[in-house]
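If you want the building blocks of each chain, they are given just below.
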Amino acid sequence: MLANALSLAALAGAAMASPCKPSPTTSAPSYSTVPSPSSTAIAPGEPFGLMALRSASPIHFAQFGAALSSVFLNLPSQNATCDDGENPTTADYATFTLSEEGELYLYRQSATPQQLFVDRSGMGQGKLGYTTGAQPGPRNGERTAFSLDDYNDLSFNGAGFLACPNSIDGAWSVWVDAGVSSPGGNSDCLGLSARAVKIAGAANSCVYTQ
Ligand SMILES: *[C@@H]1O[C@H](CO)[C@@H](O)[C@H](O)[C@H]1NC(C)=O
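Since this is a predicted model, take the numbers as computed values, not measurements.

Student: Tell me about the state of the cysteines, and name the residues and values.
Tutor: Enumeration according to the criterion identifies two disulfides in this entry. A sulfur-sulfur separation of 2.1 Å characterises the disulfide bridge that pairs C82 with C206. Taking the torsion about the S-S bond as the criterion, the C82 to C206 disulfide, at about 100°, is right-handed. Of the two residues, C82 sits in strand β4 (residues 81-83) while C206 sits in strand β15 (residues 205-207), which places them 124 residues apart along the sequence. Owing to a relative accessible area of 16%, C82 belongs among the buried residues under this scheme. Using a relative accessible area of 1% as the deciding quantity, one classes C206 as buried.

Structure representation (structure tokens):
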């Protein structure tokens, strides 16, 4: 009976320790309607998509897309060139990988993948973009310090993300929160969490437009 009592205590402990997101910071969204965090960590190099979480907004659950060397939410067509994926011609979201060193890439199976950078300088104001091949990033571009937390939420050097409306094709442009609430001359930007979601089935291996 002692064993049973212990396992009951363990169950009670587990219930009390059930996932509860830490208090959001000023610009972070409310998590009340968010599905339970994934219990499975995403391994270095494992492909994932990113979903925006900002409840009661047009970008809640929006997928991250990549085009024109920039990152967007609610982008109708990325026009990426994809191969080998399950759904190669109609990838309507971007697929990412994160290296052990904190480098973020656009997933590509068989060649040099495109790599994300962040420009937190006064010029960049948190610009999130990507380079192709040997293309140099901006002078102040940083390429490491991306990480995923226990909830698979992505951050850059501890900072979260912002999205601003009225970008190309009605999409929202995505920025790293570098302390500028309206980066790039935008307005009405919203803070969001960027949750990594594992890809079910074969991941889309793509080259995104420059
Ligand atoms: C994708 O192609 C369509 C058709 O040419 C165009 O209207 C749209 O703006 C393109 N999207 C991007 C993100 O370049």
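Still more to cover.
Student: Break down the confidence of the model for the chain for me, citing the residues and quoting the values.
Tutor: For the chain, mean pLDDT is 84; residues scoring 70 or higher make up 78% of the total. Across residues 1-36 the pLDDT falls below 50, and counting only partners more than four positions away or on other chains, this stretch makes 30 contacts in the model.

Student: How would you explain the site of the ligand if you had to name every residue and give the values?
Tutor: Close contacts around the ligand come from A67, S77, N79 and D169, and that covers them all. One of the side-chain nitrogen or oxygen atoms of N79 is found 2.4 Å away from an oxygen atom of the ligand. At 2.9 Å from an oxygen atom of the ligand is found a side-chain nitrogen or oxygen belonging to D169. With the chains in place, 52% of the 360 Å² that the ligand exposes on its own is no longer accessible. Partitioned by chemical class, the residues of the shell around the ligand number one nonpolar, two polar and one charged.

Conventions and cut-offs
Residues numbered from 1 in each chain as written. Predicted model: local features only at pLDDT ≥ 70, side-chain atom pairs only at ≥ 80, totals over all residues. Heavy atoms only, no water. Disulfide = S-S within 2.5 Å. Helix = DSSP H or I, 4+ residues; strand = E, 2+ residues; numbered from the N terminus. Buried < 20%, exposed > 50% of the residue type's maximum accessible area, 1.4 Å probe, protein only. pLDDT = per-residue confidence, 0-100. Contact = heavy atoms within 4.5 Å. Near = heavy atom within 4 Å. Polar contact = N/O pair within 3.5 Å; in protein donor to acceptor, adjacent residues only side chain to side chain. Areas by Shrake-Rupley, 256 points an atom, 1.4 Å probe, with all protein chains shown as cover. Nonpolar A, V, L, I, M, F, W, Y, C, P; charged D, E, K, R; others polar.

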